[in-house]
Amino acid sequence: MSHHQPGGHPVSRALDAVYLACIWVAGACIVSMSLFIPWGIFSRYVLGTGSQWPEPISILLMVVFTFLGAAVSYRAGGHIAVAMVTDRLPEHLRHPLRGVVHALMLTISLFTLWYGVKLCMGTWGQSIPELPWMPVGFSYLPVPIGGTVTALFVLEHMFLGDQSQRAVVTFDHESAETGAL
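All figures in this text were calculated on a predicted structure; none of them were measured in a lab.

S.K.: Help me understand the overall build of the protein chain in this model?
M.R.: Secondary structure summary: the protein chain contains 7 helices and 2 strands in total. On C-alpha atoms alone, the protein chain measures out to a radius of gyration of 20 Å, which is more than a quarter above the 16 Å that the 2.2 N^0.38 rule sets for 181 residues. C-alpha atoms of the protein chain, sized along the principal axes, occupy 60 × 50 × 40 Å. Sequence-distant contacts in the protein chain: of pairs separated by 6 or more residues, those separated by 24 or more amount to 65%. When the accessible area of the protein chain is evaluated, it comes to approximately 11,400 Å², of which 71% is carbon and sulfur surface. In the protein chain, which carries 8 positive and 10 negative side-chain charges, the distance between the mean positions of the two groups comes to 7 Å.

Spelled out as C-alpha cells, the structure:
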C-alpha cells in the first residue's frame, strides 16, 4: 500500500480516527460538565438536597478533557508550550531543536503512560467516598490513555512529519478564497 495515496500514510489515516475520537470524547466531557455543575448547584440551593456526584464526576471529566485535549492539541500544532521557544529561534536552529522538543515530548508521554498505569494499578482497590462504586484507579485512567495517545502523535510527527495541515485537523479553518468576502 503506497503512502502517497489520497489521505496520506495508512498510519496517519488510522490516527485521524484516534484524533477524531479524542475530539468527540473531549467535547462530550465539556458538554457533560456544563450540565452536571449547574445540576449540583440547583440541587443544593433550590432543592435543598445537594447531589454528591456532580463534583467528582465533573473533575473526572475535566481530567479526561485535559489529557485528550493536550494530545489532539499537539497533533494539531496548537500546543503553545511545544512551539513557544522553537518558533522564535533563527531558522538554522529551529529544525534540530524541534527534534529535541519531540524527543522530550515522547519522553514525557512515555513517563505519563508508565507511571499512570502504576498509579491506576496502585489505587484500583480504593473507592471514591462520593462514588463508592467507582475505583480511584478508574479515575486515573485518562492519565495513561492520554500519555499513549500523545506518544502515538509524537511518533507520527517524528516519522511521518507535521500533521497539523491534515483535512481532519483543519476542517474548521476558513479558506483563503472564502475569507475575503
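S.K.: In this structure, what is going on with the state of the cysteines? I would like to understand it.
M.R.: Two cysteines whose sulfur atoms are joined by a covalent bond form what is called a disulfide. In total, this model carries 0 disulfides according to the counting rule given. Here C29 is not disulfide-linked; the sulfur of C22 is the nearest cysteine sulfur, at 10 Å. With no disulfide of its own, C120 has C29 as its nearest cysteine by sulfur position, at a separation of 15 Å.

S.K.: Explanation requested: the pattern of salt bridges in the structure shown.
M.R.: Scanning the entire structure with this criterion turns up 5 salt bridges. With a closest N to O distance of 2.7 Å, D16 and R166 form a salt bridge. Of this pair, D16 sits in helix α1 (residues 10-45) while R166 sits in the loop between α6 (142-160) and α7 (167-170), and the two are 150 residues apart along the sequence. Judged by its relative accessible area of 14%, D16 falls in the buried class. For R94, the salt bridge goes to E91, with nearest N and O atoms at 3.2 Å. Here the residue R94 and the residue E91 both occupy positions in helix α4 (residues 91-123), the gap between them amounting to 3 residues, near one helical turn.

S.K.: Would you mind showing me how to read the pairing of strand β2 (residues 131-135) here?
M.R.: Here strand β1 (residues 127-128) runs beside β2; their pairing, made up of 2 bridges, is antiparallel. Each residue of the ladder has a partner; that of I128, found in β2, is L131.

S.K.: Looking at this structure, I do not really get the packing of aromatic side chains. What am I missing?
M.R.: By convention here, two paired aromatic rings are described through the distance between centres and the angle between planes. What the rule picks out here adds up to 5 aromatic pairs. Note on W39 and F42: the rings are 5.7 Å apart at their centroids and 40° apart in plane angle, and the pair reads as tilted. Taken as a pair, W39 and F42 lie in helix α1 at a separation of 3 residues, close to a single helical turn. Its relative accessible area of 36% is what places F42 among the partly exposed residues. Between F111 and Y115, the aromatic rings sit 4.7 Å apart at their centres with planes inclined by 45°, giving tilted as the arrangement. Here F111 and its partner Y115 are both found in helix α4, 4 residues apart, which amounts to about one turn of the helix. Taking relative accessible area as the criterion, F111 reaches 52% and is therefore assigned exposed. The exposure class assigned to Y115 is partly exposed, which follows from its relative accessible area of 43%.

S.K.: Help me out: how do you make sense of the packing of α1 against α6 in this one?
M.R.: A pair of packed helices can be characterised by two numbers: the angle between their axes and the separation between those axes. At a minimum axis separation of 11 Å, α1 and α6 run at an interaxial angle of 145°. Between α1 and α6 lies a crossing whose hand is left-handed. Residues V11, S12, L15, V18, Y19 and C22 of α1 form the contact with α6, whose own contacting residues are V149, L152, F153, E156 and L160. When the residues that make up the contact of α1 with α6 are grouped by side-chain class, the tally is 9 nonpolar, 1 polar and 1 charged.

Thresholds applied
- Residues numbered from 1 in each chain as written.
- Predicted model: local features only at pLDDT ≥ 70, side-chain atom pairs only at ≥ 80, totals over all residues.
- Heavy atoms only, no water.
- Helix = DSSP H or I, 4+ residues; strand = E, 2+ residues; numbered from the N terminus.
- Rg over C-alpha atoms; globule rule 2.2 N^0.38 Å.
- Contact = heavy atoms within 4.5 Å.
- Areas by Shrake-Rupley, 256 points an atom, 1.4 Å probe, with all protein chains shown as cover.
- Lys, Arg positive; Asp, Glu negative; His and termini not counted.
- Charge placed at Lys NZ, Arg CZ, Asp CG, Glu CD.
- Disulfide = S-S within 2.5 Å.
- Salt bridge = Lys/Arg side-chain N within 4 Å of Asp/Glu carboxyl O.
- Buried < 20%, exposed > 50% of the residue type's maximum accessible area, 1.4 Å probe, protein only.
- Pairing = 2+ DSSP bridges.
- Phe/Tyr/Trp six-rings, centres within 6.5 Å; stacked < 30°, edge-to-face > 60°.
- Axes fitted to C-alpha atoms, helices over the stretch in contact; angles between N-to-C directions.
- Left-handed = near helix turned anticlockwise from the far one by under 90°.
- Nonpolar A, V, L, I, M, F, W, Y, C, P; charged D, E, K, R; others polar.

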